[in-house]
Amino acid sequence: MPTAEQSRTRTIWLTTLALIAFAANSLLCRLALTQSFFDKPAIDAASFSLIRLASGAITLWLIVSLSQPKNAEKSAKQFDGNWLSACMLFLYMVGFSFAYLSLSAGVGALILFGAVQATMLLAAILSGERPYRVEWFGLLLALLGLIYLVLPGLAAPPLLGSVFMTIAGVAWGFYSLRGRNVTSPLSATTGNFIRAVPLVTVVFVLSFKHVHISTAGALPAMLSGALASGVGYAIWYAALRGLSAARAATLQLAVPVLAAMGGVLFLSEAVSLRLVIAALMILGGVGLAVLGREYLTYKT
């Protein structure tokens, strides 16, 4: 049995790796879609989505299969999940890829994160939860930050890309809510990835005239699917065993920051004053809502 200190250290390392993997998804997608290959895009958004999803499905399938006991009965039912969750995953994957045709890594991650957290908080309110005042204030601050970020102006991100990323965030928020009570989240995620492949294939076929795939675009897509998504989710689920729900939600505040830093360091992206102010409002609002509830719940 590992000691408490060893368990804590393991959780810290797993959490750090998972957050880096999540931020890497934004960087890899942006890298693939903005590269040129013989005067053509290295890859199109539909192809990136399909390769990422298929790579993730294969990786997760291998992880789950190899983790099964040797004497366990192998069947298709070993993978949980359902079609509604797969549809949410599909909307997230496609919206994410098409959004990064025009958004920078940091802006995209911030819109995605804001939409995810707002969706989950609003869903909790609609389900009958009675938030504390500090939660209402945090949610309002985060929503105002998101609105400020996408308001028309010289520094505003492209509207279409923002809409696509908002759709992706709302879809991922609902996907996360649906996965709260599953007994085996990794198995459910694997099943949903597998189910979502034919859905993304439809988008790929419909946009076939614009399909262009090169090694420079396919490699980041495979890395995004296999490592940043497949292995990343497996690591995150392992880390969650040592994290409270509030702490897990708070730690995810680091993802947009890591994505923005990576965009500056590796993709030569600029950071605008609007992005900084919006990030402070969104991340501060979500952090206030999550930590405020944990503190007030503890006091009572």
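Residues numbered from 1 in each chain as written. Predicted model: local features only at pLDDT ≥ 70, side-chain atom pairs only at ≥ 80, totals over all residues. Heavy atoms only, no water.

**Remarks on the confidence of the model for the chain**
Link 1 in the chain: Per-chain confidence: the chain averages 86 in pLDDT, with 91% of residues scoring 70 or above.
Link 2 in the chain: Here strand β1 (residues 36-37) is the element of the chain with the lowest mean pLDDT, 68, and helix α3 (residues 83-99) is the one with the highest, 96. (pLDDT = per-residue confidence, 0-100. Helix = DSSP H or I, 4+ residues; strand = E, 2+ residues; numbered from the N terminus.)

**So, the packing of α3 against helix α7 (residues 185-206)**
Helix-helix packing: each pair is described by the crossing angle between the helix axes and the interaxial distance.
Link 1 in the chain: Where α3 contacts α7, the two axes come as close as 8 Å, and the packing angle between them is 50°. Relative to α7, the element α3 is oriented oblique. At the point where α3 passes α7, the crossing takes the right-handed sense. Residue-level contacts link Trp83, Ser85, Ala86, Cys87, Leu89, Phe90, Met93, Val94 and Phe98 of α3 to Asn192, Phe193, Arg195, Ala196, Pro198, Leu199, Val200 and Val203 of α7.
Link 2 in the chain: Grouping the constituent residues of the contact of α3 with α7 by class yields 14 nonpolar, 2 polar and 1 charged. (Axes fitted to C-alpha atoms, helices over the stretch in contact; angles between N-to-C directions. Parallel < 35°, antiparallel > 145°, perpendicular 65-115°, else oblique. Left-handed = near helix turned anticlockwise from the far one by under 90°. Contact = heavy atoms within 4.5 Å. Nonpolar A, V, L, I, M, F, W, Y, C, P; charged D, E, K, R; others polar.)

**Quick look at the side chain of Asn192**
Link 1 in the chain: When you line up the elements, Asn192 lands in helix α7.
Link 2 in the chain: Accessibility expressed as a relative area gives 4% for Asn192, which makes it buried.
Link 3 in the chain: Within the local environment of Asn192, its side chain forms a polar contact with the side chain of Tyr175, the two groups lying 3.2 Å apart.
Link 4 in the chain: Sequence-distant contacts of Asn192, that is, excluding residues within four places in its chain, are made with Asp80, Gly81, Asn82, Ser85, Ala86, Leu89 and Tyr175. (Buried < 20%, exposed > 50% of the residue type's maximum accessible area, 1.4 Å probe, protein only. Polar contact = N/O pair within 3.5 Å; in protein donor to acceptor, adjacent residues only side chain to side chain.)

**Brief notes about the side chain of Thr59**
Link 1 in the chain: Topologically, Thr59 is positioned in helix α2 (residues 45-67).
Link 2 in the chain: A relative accessible area of 15% places Thr59 in the buried class.
Link 3 in the chain: If near-sequence neighbours (up to four positions away) are discounted, Thr59 is found in contact with Ala226, Gly230 and Val231.

**Section: the packing of aromatic side chains**
Link 1 in the chain: Applying the stated criterion to the full structure yields 10 aromatic pairs.
Link 2 in the chain: Between Phe22 and Trp236, the ring centres sit 5.8 Å apart and the planes meet at 70°, which makes this aromatic pair edge-to-face. Here Phe22, found in helix α1 (residues 4-34), pairs with Trp236, found in helix α8 (residues 215-240); they are 214 residues apart in sequence, far enough to count as distant. You'll find Phe22 and Trp236 in the same group, each marked buried.
Link 3 in the chain: Note on Phe96 and Tyr100: the rings are 5.0 Å apart at their centroids and 80° apart in plane angle, and the pair reads as edge-to-face. In terms of burial, Phe96 and Tyr100 fall into one category: buried.
Link 4 in the chain: Here the guanidinium or amino end of Arg52 rests over the ring plane of Phe96, the centre of that ring lying 4.9 Å away. (Phe/Tyr/Trp six-rings, centres within 6.5 Å; stacked < 30°, edge-to-face > 60°. Lys NZ or Arg CZ within 6 Å of the ring centre and 35° of its normal.)

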